[in-house]
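# Per-entry structural report
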Amino acid sequence: LILGVRYFQIQIIEHELYRLKSNTNRIRKVTKNAPRGLILDRKGEILVDNYPVYVITAIPGEMSNKNKQFKLLADYIESDSSIIQSNYKKYYRGRFVQTRLAKDMSFIQLANLEENKLNLEGVYYDQIPERFYPNGVKAPHLFGYVKEIDRSIRKNLKNKDLYELGDLVGWSGLEKYYESFLRGNRGTYFYEVDASGREVGSAAELDDTRPSPGNNIQTTIDLELQMHCEKLMDGKKGVILVGEPLTGGILAAISSPDYSPDFFTGKITESSWNKIKNNPDKPLINRYIQGNYIPGSIVKMITQIALLNSDSFRKDTKQYCPGFYQFGDRIFGCWYTEGHGDLNVNEAIAVSCDVFFYKAVRQLTLEEINKSFQEFGFGQKTNIDIPNEAIGLVPDRKYMKERYGRYGWSRGVLLNLAIGQGELLVTPIQVLNYINLLSTRGQAPNCHFVFVDNLPLNHSPNFKSEIWDNVHKGMRDAII
């Protein structure tokens with residue numbers, strides 16, 4: 001009677017519960033990573049592609065003796081069992097869900113694994129797509145890189161439900177900024193297995209889902225120009241940015257020194273990581289969006305505009321340059337120590353005279369100079385489409401008081417700002433945007449790396465046409 005009641009409970013009352021458990025043992029769910037979308041240049045040439053690599057996985061519930069099998073596996077693939085155990089803990093998410101054990105397996109390693117398959121219950125291998133760079137362009141700061149999701153990474157993702165352990169996620173550069181476009185949708189396959197865990201066919205009652213690749217993105221980069229600029233910067237330290245003022249598209253972007261774009265793809269040894277991390281030239285820094293530099297004379301046109309826009313300044317006013325200027329007890333020199341003589345503002349731009357601007361800027365206030373720099377986007381993000389952009393620094397009265405105290409600075413700070421010196425700091429991408437705005441009379445679209453339908457609004461400095469005429473004349477006279 002007791003057995004009969006128990007049979008009734010199992011077969012009838014708890015039928016659904018045990019049916020699900022039975023299916024869990026009978027059916028293996030296998031997920032397939034989807035290839036990420038390609039990154040193309042402006043002409044459709046592939047800059048970032050995918051290629052298949054082999055990974056070894058395990059289904060924990062099918063393994064009889066994990067520690068023993070980890071040691072055997074390590075022997076077969078000539079690896080360290082501690083690394084395999086570490087990966088197991090990092091990627092584990094359930095008894096009957098595939099767990100990553102090793103990656104980047106060679107054909108010989110897979111052959112050894114296949115020969116000894118009977119000794120490795122629950123251990124399998126599969127292909128996943130990995131990033132590679134077919135055309136020889138480096139640009140690691142632009143492309144960025146992807147990371148494999150483990151427990152710690154997944155825990156901090158905002159949309160963690162979209163990812164499983166072992167998936168790839170954009171971690172910097174274009175890979176991160178356009179993650180929602182580049183990320184594909186993984187596929188799911190169901191297989192029937194026997195009591196030994198061997199596949200005997202597809203599970204007919206469950207529908208498979210094929211992985212769908214991510215969307216391609218087309219950049220504004222010109223492949224040939226990018227490679228040419230990379231050669232120019234080989235062995236040098238600095239930045240090259242080439243842009244189109246009328247469209248805002250960037251044709252080439254180099255931050256040097258850099259590193260191989262596949263550095264974060266595959267295995268990274270501790271020695272190679274320490275070598276690049278401790279490099280005094282800091283190749284990991286993206287100089288064109290994170291480097292803060294003193295701009296120098298290239299921003300004198302901002303001072304020129306601030307003067308021309310001031311009611312107290314006349315454009316035909318001349319200042320005499322003897323090669324230096326004394327302000328208080330300090331001597332400010334001109335780059336041309338013999339002096340430029342009498343100059344008006346346009347002539348001062350043409351020869352880049354420092355003394356003219358030392359004298360003329362005294363008619364302005366710190367607030368007026370600060371506002372002029374802000375109108376051209378300095379001291380704020382340009383909203384370029386790669387993450388972690390720095391904002392630079394345009395000093396104002398509050399900043400100067402906080403740094404030097406109320407009486408620790410004077411109006412002499414204006415003299416340095418007038419020629420792009422002093423506390424002023426800018427990023428190369430801000431300078432490119434400023435040049436675009438100058439050349440288009442304030443109408444340039446926002447700088448960008450990828451063709452998109454809706455660009456962020458750029459700054460639109462609005463000045464009288466005669467002011468723009470004077471600026472362009474001074475710049476043109478500089479090269480005639």
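In what follows, the accompanying structure is described. Remember, it's a predicted structure, so these values are computed and weren't measured experimentally. Residues take numbers from 1 onward in each chain, read along the sequence in its written order. Only residues with pLDDT of 70 or above have their local features reported here, since the model is predicted, and side-chain atom pairs are shown and tallied only from 80 upward, although totals for entire chains, interfaces and linings are computed over all residues. Side-chain measures here rest on the full set of heavy atoms in the structure, leaving out hydrogens and waters.

### What about the overall build of the protein?
Secondary structure assignment for the protein yields 20 helices and 16 strands. Structurally, the protein occupies a C-alpha span of about 115 × 50 × 45 Å along its principal axes. Contacts are assigned to residue pairs with any non-hydrogen atoms lying within 4.5 Å of each other. Taking as baseline every contact in the protein between residues at least 6 positions apart, the subset at least 24 positions apart corresponds to 72%. Here, Shrake-Rupley sampling with a 1.4 Å probe gives the accessible areas, and only protein chains in the shown set may cover a residue. As displayed, the protein has an accessible area near 25,100 Å², and 51% of this comes from carbon and sulfur atoms. In this tally, Lys and Arg are treated as positive and Asp and Glu as negative; His is ignored, and so are the chain termini. Note on charges: their place is set at NZ of Lys, CZ of Arg, CG of Asp or CD of Glu. One way to put it: in the protein the 60 positive side-chain charges average out to a point 5 Å from where the 56 negative ones average out. A run of H or I in DSSP becomes a helix once it reaches four residues, and a run of E becomes a strand once it reaches two; helices and strands are each numbered from the N terminus.

### Some points on the environment of Ala204
Tracing the backbone shows Ala204 in the loop between strand E9 (199–202) and strand E10 (217–218). Sequence spacing of Ala204 and Pro445 is 241 residues, and the spatial spacing of their C-alpha atoms is 55 Å.

### Notes on the nonpolar core
Formed by 50 residues in total, the largest nonpolar core has its most connected members in Phe356, Phe357, Phe376 and Phe378. Of all the elements in the fold, those that place two or more residues in this core are helix H13 (300–308), strand E14 (324–327), helix H14 (345–351), helix H15 (354–360), helix H16 (366–375), helix H18 (413–418), helix H19 (428–439) and helix H20 (465–477). No other element matches H13, which puts six residues into this core. Residues contacting Phe356, with those up to four places away along its chain left out, are Leu307, Phe313, Thr317, Gln319, Leu343, Asn344, Val345 and Ala348. Buried residues of nine kinds, namely Ala, Val, Leu, Ile, Met, Phe, Trp, Tyr and Cys, make up a nonpolar core once their side-chain atoms join them within 4.5 Å. The classification of residues rests on relative accessible area computed with a 1.4 Å probe and restricted to protein chains. Under 20% of the type maximum is buried, over 50% is exposed, and intermediate values are partly exposed. Among the nonpolar cores identified, the runner-up in size contains 26 residues, and Ile39, Leu223, Ile289 and Val450 belong to it.

### Digging into the pattern of salt bridges
Salt bridges are defined as contacts in which a side-chain nitrogen from Lys or Arg sits within 4 Å of a carboxyl oxygen from Asp or Glu. Enumeration according to the criterion identifies 18 salt bridges in this entry. Among the salt bridges present, the one from Arg314 reaches Asp316, with a minimum N-O distance of 3.6 Å. Across the salt bridge formed by Lys473 and Asp477, the nearest N and O atoms sit 2.8 Å from each other. With Lys473 and Asp477 both in helix H20 and four residues apart, the pair spans about one turn of that helix. Looking at Lys473, the relative accessible area reads 42%, which means it is partly exposed. A residue is classified by how much of its surface remains accessible, and Asp477, at 28% relative accessible area, is partly exposed.

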